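# Understanding the architecture of this molecule
Residues per chain, in single letters:
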Amino acid sequence: MLNTLHLPKPPAETRVVVAMSGGVDSSVVAGLMKREGYDVIGITLQLYDHGAAVHRAGSCCAGQDIHDARRVAERLGIPHYVLDYERRFKEQVIDRFADSYLNGETPVPCVACNQTVKFSDLLATARTLGADVLATGHYVRTAPGADGHHQMFRPADLDRDQSYFLFATTQEQLDFLRFPLGGMPKADVRELAREFGLSVADKQDSQDICFVPKGKYSDVIQKLRPDALEPGDIVHLDGRVLGRHEGIIHYTIGQRRGIGVATGDPLYVVHLDAAQKRVLVGPKEALATRTLELRDLNWLGTTPATEGMRAEVFAKVRSTRPPTPAVLTITDGITKVELTDGETGVAPGQACVFYDSDDSSAQVLGGGWIARARPLGLTSPAFTREENRTLPAA
């Protein structure tokens, strides 16, 4: 008989490594695994340590959080190890985050962290420790499919849905990972923490960008790349130069406030031209986007994603938006997505994640990074023929 983790061995003979961030979710996972009789080992990654972020409420994987994870492990009576991954985290997540902004993109560092540090390096460490599985506190559900491989689904608590941040998980990784909280609402998780007597039961949830003190990402980028910030023009889509800026990293697609210019009509950031150091602005309707071109597609569907593929899917281009109808195609090696209803404020560097439906039990089919997103406003005089040529056709 399979145990609760869909493994053939009894719990006492099954080793589970739990990724413990010091928060309530991963702490409860460790508690559940211990209560069910598994051989549990807790591992906490030290990812960064830079002043204010170490003591900031809502951070993770540094300072107080490591101390909290250690206390939880002591309370549960499980072995606990802290691994120094600072260098790896800086190279694979923080540096890429900075470079992405300098290229006019809007990165999603949580996906990069899961893709590299957590589900690659940590997973390898878990195997070295003889683990049968690696368990985390993410809110997604998994279950074996007809072919024996695990499939990923949206969680029971859609307010906590983290499937958007896990789209890059490979099939091999997914078969080794377990997410025990996928069928629980957050309120039940906190109640379990109190039942287990854990000191983190009422601890504040961590923020998405854990390494950014006080939410000021531009400060981090300026510290890492002080010579890369260059001023440039703020240009209206009709070709008018409206003013100057102090670096494109201070802007994101769809931004309205704090642009630094005024024309009497509401203006939004429509495009960041990194090559020419320009911030292009226009009316809200210019943000409408239908066509996306993706890179690094990770496909988890049962039918392989191959040349000539055309699939009707449901896509999310933001973690907070529900999946909406879309058509995914692969032609001449290029992956494109046509958003049936369109979307506003889509930016390169974001993720586009696919589902098989828009309901609460939808399966995650995979996703990719947005390489190009062409708002309808990019047919304006502010763009040269060369710039229009390099963008996908509307």
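Bear in mind the structure is a predicted one, so any value in this text is a computation, not a measurement.

What follows is about the sheet that holds strand E3 (residues 80–84). Strand order in this open sheet of five strands is E3-E2-E1-E4-E7, and the pairing throughout is parallel. The open sheet has two free edges, formed respectively by E3 and strand E7 (177–178), since each of these has just one partner strand. Here strand E2 (residues 39–46) pairs with E3 via five bridges, running parallel. Residue Thr44 lies in a different strand from E3, and its bridge partner there is Val82. The strands touched by helix H3 (residues 64–76) are E2 and E3; relative to E3, the strand with the most contacts, the crossing angle is about 160°. Strand contacts of helix H5 (residues 109–128): strand E1 (15–19), E2, E3, strand E4 (133–135) and E7, with the helix running at about 135° to E2, the strand carrying the most contacts.

A separate point is H5. The end-to-end C-alpha distance of H5 is 26 Å, a good match for the 28 Å that 20 residues give at a rise of 1.5 Å each. Taken residue by residue, H5 has Pro109, Cys110, Val111, Ala112, Cys113, Asn114, Thr116, Val117, Phe119, Leu122, Leu123 and Ala126 as its buried positions. Positive phi appears at Gly130, one or two residues downstream of H5, with a value of about 80°.

All right, on to the packing of helix H4 (residues 86–102) against H5 then. Relative to each other, H4 and H5 sit at 165°, their axes nearing to 9 Å. Classed by the angle they form, the pair H4 and H5 counts as roughly antiparallel. As H4 runs across H5, the sense of the crossing is right-handed. Taken together, the residues of H5 that come into contact with H4 (itself represented by Arg88, Phe89, Gln92, Val93, Arg96 and Phe97) are Pro109, Ala112, Cys113, Thr116, Val117 and Asp121.

Turning next to unusual backbone geometry. At His6, a residue that is not glycine, the phi angle is positive and equals roughly 60°. Turning to its location among the elements, His6 is positioned in the segment before E1. Judged by relative accessible area, which is 35%, His6 ranks as partly exposed. The residue Asp296 is not glycine, and still its phi comes out positive at about 55°. Summarising the element assignment, Asp296 is placed in strand E12 (residues 288–299).

Let's shift gears to the side chain of Thr169. Structurally, Thr169 is set in the loop between strand E6 (150–153) and helix H6 (171–176). A polar contact of 2.8 Å, which involves the side chain of Thr169, links it to the backbone oxygen of Leu166. Ignoring anything within four residues of it in the chain, the contact list for Thr169 reads Phe119, Met152, Leu174, Leu177, Asn298 and Leu300.

Reading the values: the criteria
- Residues numbered from 1 in each chain as written.
- Predicted model: local features only at pLDDT ≥ 70, side-chain atom pairs only at ≥ 80, totals over all residues.
- Heavy atoms only, no water.
- Pairing = 2+ DSSP bridges.
- Helix = DSSP H or I, 4+ residues; strand = E, 2+ residues; numbered from the N terminus.
- Contact = heavy atoms within 4.5 Å.
- Axes fitted to C-alpha atoms, helices over the stretch in contact; angles between N-to-C directions.
- Expected span 1.5 Å × (residues − 1).
- Buried < 20%, exposed > 50% of the residue type's maximum accessible area, 1.4 Å probe, protein only.
- Parallel < 35°, antiparallel > 145°, perpendicular 65-115°, else oblique.
- Left-handed = near helix turned anticlockwise from the far one by under 90°.
- Polar contact = N/O pair within 3.5 Å; in protein donor to acceptor, adjacent residues only side chain to side chain.

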